[in-house]
Number of protein chains: 2
Amino acid sequence: MCEANAYLIEGDDKNLIMEAVDTIEPDGDNLLICNIFGEQKVVKASIHSLSLVDHKIYLKG
Amino acid sequence: MCEANAYLIEGDDKNLIMEAVDTIEPDGDNLLICNIFGEQKVVKASIHSLSLVDHKIYLKG
């Protein structure tokens, strides 16, 4: 599978907020994040960077 | 492999700008996009949305 884990950059920390992310869509000032299990989260952030071979998505508030 | 194709949203169009993207990093107002073949592009855009199971990354200028 080609999903990735989403981490929120907070200062020097990168905190895992959702595993196995499929889609991320803008939703006003927020992001709507959905994973392959049908779970959803809304996070006040934007997509900062990607490292897909490492399965990592970095978000920043 | 878990790379994806990067498309630039321009009006109603979504134009493919790089296949097999591994990493995207901010570079000032631009994005530095690198694929698994070692190719690099700098694009004046931000990461708009993701659909990873479909192997798609959408960028917006």
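Just so we're clear, the structure is a prediction, and the values are computed from it rather than from any experiment.

Calculation rules
- Residues numbered from 1 in each chain as written.
- Chains lettered and ligands numbered in written order.
- Predicted model: local features only at pLDDT ≥ 70, side-chain atom pairs only at ≥ 80, totals over all residues.
- Heavy atoms only, no water.
- Helix = DSSP H or I, 4+ residues; strand = E, 2+ residues; numbered from the N terminus.
- Rg over C-alpha atoms; globule rule 2.2 N^0.38 Å.
- Buried < 20%, exposed > 50% of the residue type's maximum accessible area, 1.4 Å probe, protein only.
- Least-squares fit on C-alpha atoms with pLDDT ≥ 70 in both.
- Contact = heavy atoms within 4.5 Å.
- Polar contact = N/O pair within 3.5 Å; in protein donor to acceptor, adjacent residues only side chain to side chain.
- Buried area = accessible area lost by both parts, 1.4 Å probe.
- Salt bridge = Lys/Arg side-chain N within 4 Å of Asp/Glu carboxyl O.

With that out of the way, let us pick up the overall build of chain A. Regarding its fold elements, chain A presents 0 helices and 6 strands. Ordered by position in the sequence, the α and β elements of chain A form the string β-β-β-β-β-β. The C-alpha radius of gyration of chain A comes to 11 Å, within 12% of the 10 Å expected for a compact globule of 61 residues. Each principal axis of the C-alpha atoms in chain A carries an extent, and together these give about 30 × 25 × 15 Å. Here chain A holds 61 residues, and 46% of them are scored as buried.

The next point concerns the relation of the copies chain B and chain A. The transform that puts chain B on chain A rotates by 180° and translates by 0.0 Å along the axis, for an RMSD of 0.0 Å. What the rotation and shift describe, once combined, is the action of a two-fold rotation axis. When C-alpha positions in chain B are compared against the rotation axis, the closest is assigned to B:Cys2, at 2.3 Å. Interface residue correspondence from chain B to chain A reaches 100%, placing this contact among same-surface, isologous pairings.

The subject of this paragraph is the side chain of B:Asn35. Residue and element names in this part refer to chain B. Secondary-structure assignment places Asn35 in strand E3 (residues 30–35). Given the relative accessible area of 6%, Asn35 is considered buried. A polar contact is formed between the side chain of Asn35 and the backbone nitrogen of Phe37, at a distance of 3.0 Å. One polar contact links Asn35 to Glu39, side chain to side chain, over a distance of 2.7 Å. Excluding its chain neighbours within four sequence positions, the residues that come into contact with Asn35 are Met18, Glu19, Ala20, Val21 and Asp22.

The subject of this paragraph is the interface of chain B and chain A. Between chain B and chain A, the contact holds 20 residues from the first and 20 residues from the second. Buried surface at the junction of chain B and chain A, summed over both partners, amounts to about 1700 Å²; 67% is from carbon and sulfur atoms. A per-residue breakdown of the area chain B buries against chain A is headed by B:Cys2, B:Leu50 and B:Leu52, which together make up 38% of the total. Joining chain B to chain A, the criterion identifies 0 salt bridges. On inspection of chain B and its partner chain A, the count reaches 6 residue pairs in polar contact (both at pLDDT 80 or more).

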